[in-house]
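# Survey of secondary and tertiary structure
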Amino acid sequence: MSKAAELAEFGGGISDGANAVSGVAKAWVNFDGTGTIAARDSLNNASLTDNGTGDYSVGYTNSFANDDYCGGGSASIADNSVDANAGIVAPSRHSPNVAFTTSSSRVITVVQTSTSSQYFDEAIVCWDIKGDLA
Amino acid sequence: MASELRVNTLKDAAGANSVAMEYVAGGSTKFWVSFDGVTPSTSDSLNQSTLTDNGTGDFTHTFTSAFGAATYGFQLSIRDGNTAGRGRFCTPQNGSTYSTTAFQSEFQNDTSSTMQDPDDGSVWAVGDLA
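Summary of the structure given here.

So, how was this worked out
- Residues numbered from 1 in each chain as written.
- Chains lettered and ligands numbered in written order.
- Predicted model: local features only at pLDDT ≥ 70, side-chain atom pairs only at ≥ 80, totals over all residues.
- Heavy atoms only, no water.
- Helix = DSSP H or I, 4+ residues; strand = E, 2+ residues; numbered from the N terminus.
- Buried < 20%, exposed > 50% of the residue type's maximum accessible area, 1.4 Å probe, protein only.
- Contact = heavy atoms within 4.5 Å.
- Polar contact = N/O pair within 3.5 Å; in protein donor to acceptor, adjacent residues only side chain to side chain.
- Pairing = 2+ DSSP bridges.
- Axes fitted to C-alpha atoms, helices over the stretch in contact; angles between N-to-C directions.
- Phe/Tyr/Trp six-rings, centres within 6.5 Å; stacked < 30°, edge-to-face > 60°.

This next bit is on the environment of Asn30(A). Within the secondary structure, Asn30(A) is located in strand S3 (residues 25–32). Taking relative accessible area as the criterion, Asn30(A) reaches 0% and is therefore assigned buried. When neighbours within four sequence positions are excluded, Asn30(A) is seen to be in contact with Ala38(A), Ala39(A), Arg40(A), Asp41(A), Ile124(A), Val125(A), Cys126(A), Thr71(B), Tyr72(B) and Tyr98(B). Separated by 2.6 Å, the side chains of Asn30(A) and Tyr98(B) make a polar contact.

All names here are of chain B. Strand order in this open sheet of four strands is S4-S3-S10-S7, and the pairing throughout is antiparallel. If you trace the sheet from one side to the other, it starts and ends with strand S4 (41–46) and strand S7 (73–78), each paired once. Strand-to-strand twist in this sheet, taken as the mean axis angle between neighbours without regard to direction, amounts to 10°. Pairing analysis gives six bridges linking S7 to strand S10 (residues 121–126), with the strands arranged antiparallel. Counted as the bridge partner of Gly73 is Val126 from S10.

A polar side-chain atom of Asn30(A) sits 3.2 Å from the main-chain carbonyl oxygen of Thr71(B). There is a polar contact of 2.9 Å between the side chain of Asn30(A) and the backbone oxygen of Tyr72(B).

Next up on the list: the environment of Thr60(B). Residue and element names in this part refer to chain B. Here Thr60 lies in strand S6 (residues 58–63). Exposure remark for Thr60: the relative accessible area of 13% places this residue in the buried category. The sequence separation of Thr60 and Asp120 amounts to 60 residues, and the corresponding C-alpha distance is 15 Å. At a separation of 2.8 Å, a polar atom in the side chain of Thr60 contacts the side chain of Asn54.

Two descriptors summarise a pair of aromatic rings, namely the distance from one centre to the other and the angle between the planes of the rings. Residue and element names in this part refer to chain B. Applying the stated criterion across every chain yields a total of 18 aromatic pairs over all chains. Between the aromatic rings of Phe63 and Phe67, the centroid separation amounts to 5.2 Å while the plane-to-plane angle is 70°, which identifies the pairing as edge-to-face. Judged by relative accessible area, which is 2%, Phe67 ranks as buried. Where Tyr72 meets Tyr98, the ring centres are 4.9 Å apart and the plane angle is 80°; that geometry is what we call edge-to-face. Separated by 26 residues along the polypeptide, Tyr72 in the loop between S6 and S7 and Tyr98 in the loop between strand S8 (89–90) and strand S9 (102–108) bring together distant segments of the chain. Across the pair, Tyr98 and Tyr72 agree in class, each one buried. Cluster of aromatic residues (ring-pair linked, three or more members): Phe31, Phe63, Phe67, Tyr72, Phe74, Tyr98 and Phe103.

What follows is the structure in structure tokens.
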């Protein structure tokens, strides 16, 4: 069995093996957060749960080794029905106070104006995770 | 001559930190860019052929290699805006370009919800290339 310390693109860059292992997303999903929510495309996504307006749970087929993984995302609102264009994705730690687990993440999407913010179902919600699988 | 490795699992040189090729192929970032939205100019990037300034806080990134479908995952981030107010809000707006060959990023000012050029904007995407 051979063990490579580096991965090299032909005629191009070199990647340390640890980067190739740890640096790739172990889960990601692009889903429609409006109406009956549905994934458009994904990796390692087992389920999507609609917990209410702008409040979702993302389940993973293969669990993470711990709940300290890094999650992030972006989102886009469905239309111009609100006077704001910022759709953001935030890990839900506060309201509701649900911490990440090794098999799922609670995620909220918010639309925000200069004076207020509110949970909002968004047409394109993208969420991805960096971390180690179990 | 280019070569091709066919493996099921990658491990580091110590034989630890294994990852299935499913995640290497499906979870690798296929496009990323760090750019100055004021100039504008690209600081560094992968798989971006052109950066187009459509107006204040409004940019189009054209890909060198197209995605297989316009269902890829994306993220945007901003270090700061170049005018008063934090430029932390960024999103593709309704009607923005989101295709296999290009992606439109838009950045706002959180104080006034107006468009704002980022001093340092970042966009990246995961998914399968064509």
